[in-house]
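Remarks on the overall topology
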Amino acid sequence: MQLLAVSKRHDCSKIQQAIDAGQTAFGENYLQEALDKIQYFSDCQLQWHFIGPIQSNKTRKLAEHFDWVHTVDRLKIAQRLSEQRPADLAPLNICLQVNVSEEGTKSGLLLHELNEVVPQVIALPNLCLRGLMAIPAPAAGFEQQRVPFQQLREALQQLNQQYQLNLDTLSMGMSDDMEAAIAEGATIVRVGTAIFGQRLT
Ligand SMILES: *Cc1c(COP(=O)(O)O)cnc(C)c1O
């Protein structure tokens, strides 16, 4: 399992402390803030993951500067990322974001939409579809927290069977629900507050 340190709204000195402690993978939500940090740490061998909402006019910078994008929630974004990925870089690792709690306000594909989108995404040449990502609605206890994570795990298994894939990534779990996500097989937990403390707003 990989720990993704979510460093949004924390400054470079905090990131440096995490690097000194051995952390190499960082998650960011806001493009310009992320680009500044990527530039600042360009001499370090770090992995940068984008985990924020994506507007289509931002895809070029994402394709040029990131190693992973977790929040691909529609085919059009995947197509643009593939077209805009520079030829000298490895394929961009992506996850499809799933709205597991089926909240109207949340971004993400509905589970039943995956069957239509996945075959088209895996055909894109400059992307590497790695798996699924979700941000479930907050839930009170451990057992309730497990439910959407279990759904996401089962959806990944089903896609692997149906399309004979080896999708290996379940990006799920944050500071408040990471134990439940790990119990359901998270392969990447995205943790901010529990590492860096409260964010500046
Ligand atoms: C901010 C954020 C996190 C980290 O949240 P914490 O509660 O601070 O651990 C994880 N994932 C996404 C998508 C985020 O936006």
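Description of the structure in this document.

Conventions used here
Each residue is numbered by its place in its chain's sequence as written, counting from 1. Confidence filtering applies because this is a predicted model: local features only for residues at pLDDT of at least 70, side-chain atom pairs given and counted only at 80 or more, and all residues used for totals across whole chains, interfaces and linings. Based on all heavy atoms of the structure, the side-chain values leave hydrogens and waters out of the count. Working definition of a nonpolar core: buried Ala, Val, Leu, Ile, Met, Phe, Trp, Tyr and Cys residues. They are joined through side-chain atoms within 4.5 Å. Any residue under 20% of the maximum accessible area for its type is buried, any over 50% is exposed, and the rest in between are partly exposed; the area is computed with a 1.4 Å probe on protein chains only. Helix numbers and strand numbers start at the N terminus; a helix is a DSSP run of H or I with at least 4 residues, a strand a run of E with at least 2. Should any heavy atoms of two residues lie within 4.5 Å, those residues are considered in contact. For this purpose, a residue is taken to be near a molecule or strand whenever a single non-hydrogen atom of the residue falls within 4 Å of it. Under this definition, polar contacts are N or O atom pairs within 3.5 Å; protein pairs additionally need one hydrogen-donor-capable and one acceptor-capable atom, and for neighbouring residues in sequence, both atoms have to be side-chain atoms. Computed with the Shrake-Rupley method and a 1.4 Å probe, the accessible areas treat only the protein chains shown as cover for residues. Note on residue categories: nonpolar means Ala, Val, Leu, Ile, Met, Phe, Trp, Tyr, Cys or Pro, charged means Asp, Glu, Lys or Arg, and polar means any other residue, Gly included. Side-chain rings of Phe, Tyr and Trp (the six-membered ring for Trp) are treated as a pair once their centres are within 6.5 Å; stacked means planes under 30 degrees apart, edge-to-face means over 60, and tilted covers the remaining angles. Only lysine NZ and arginine CZ atoms are considered, and such an atom sits over a ring when it is within 6 Å of the ring centre and within 35 degrees of the ring normal. In this description, strands pair whenever DSSP reports at least two bridges between them. Call a crossover right-handed when, viewed with both strands pointing away from you, the route from the first strand across the helix to the second goes clockwise.

Structural notes on the nonpolar core
Of all hydrophobic cores here, the largest spans 55 residues; its most connected members are Phe-26, Val-69, Leu-81, Ile-94, Leu-96, Leu-114 and Leu-132. Tallying contributions element by element places helix α6 (residues 142–163) first for this core, with 5 residues. In contact with Phe-26, other than residues within four places in its own chain, are Leu-4, Ala-5, Ser-7, Ile-15, Ala-18, Ile-19, Leu-46, Gln-47, Trp-48, His-49 and Phe-196. In this structure, Val-6, Trp-68, Met-133 and Ile-188 belong to the second largest nonpolar core, which totals 8 residues.

Describing the site of the ligand
For the ligand, the set of nearby residues contains 13 residues, the closest of which are Lys-8, Asn-29, Ser-175, Thr-193 and Arg-199. Within the backbone of Gly-192, one N or O atom sits 2.8 Å away from an oxygen atom of the ligand. When the ligand sits alone it has 390 Å² of accessible area, and the protein chains cover 91% of it. Its residues assigned to classes, the shell around the ligand shows 6 nonpolar, 4 polar and 3 charged.

Comments concerning the packing of aromatic side chains
Describing an aromatic ring pair means giving the distance of the ring centres and the angle of the ring planes. Counted under the stated rule, the structure contains 3 aromatic pairs. With 5.7 Å between their ring centres and 35° between their planes, Phe-26 and Trp-48 make a pair best called tilted. Within this pair, whereas Phe-26 is found in strand β2 (residues 25–28), its partner Trp-48 is found in strand β3 (residues 47–50), the two being separated by 22 residues in sequence. Looking at Phe-26, the relative accessible area reads 0%, which means it is buried. According to the relative accessible area criterion, Trp-48 is buried, its value standing at 4%. A ring pair is formed by Tyr-40 and Phe-41, whose centres lie 4.8 Å apart and whose planes are at 75°; its orientation type is edge-to-face. Relative accessible area serves as the criterion here: at 57%, Tyr-40 is assigned to the exposed category. Under the relative-accessibility criterion, Phe-41 is labelled buried at 3%. Directly above the aromatic system of Tyr-30 lies the positively charged group of Arg-9, at a separation of 4.1 Å from the ring centroid.

Some details on the pairing of strand β6 (residues 127–133)
For β6, the tally of buried residues reaches 5 of 7 residues, placing the bulk of the element in the interior. Summarising the sheet, strand β5 (residues 92–97) and β6 pair through 6 bridges and their orientation is parallel. Its bridge partner being in β6, Ile-94 is matched across the sheet by Leu-129. Tracing the backbone out of β5, into helix α5 (residues 114–122) and back to the parallel element β6 gives a crossover that is right-handed.

Quick notes on the environment of Met-133
Relative to the helices and strands, Met-133 is located in strand β6. With sequence-adjacent residues up to four places away left out, Met-133 is seen in contact with His-70, Thr-71, Cys-95, Leu-96, Gln-97, Val-98, Leu-152, Ser-171 and Arg-190.

Some points on unusual backbone geometry
Here the phi dihedral of Arg-9 falls at roughly 60°; this positive angle occurs in a residue that is not glycine. Inspection of the secondary structure assignment puts Arg-9 in the loop between β1 (2–6) and α1 (12–20). Classification of Arg-9 by relative accessible area gives partly exposed; the value is 33%. Located in the positive-phi region is Gln-164, a residue other than glycine, with phi close to 50°.

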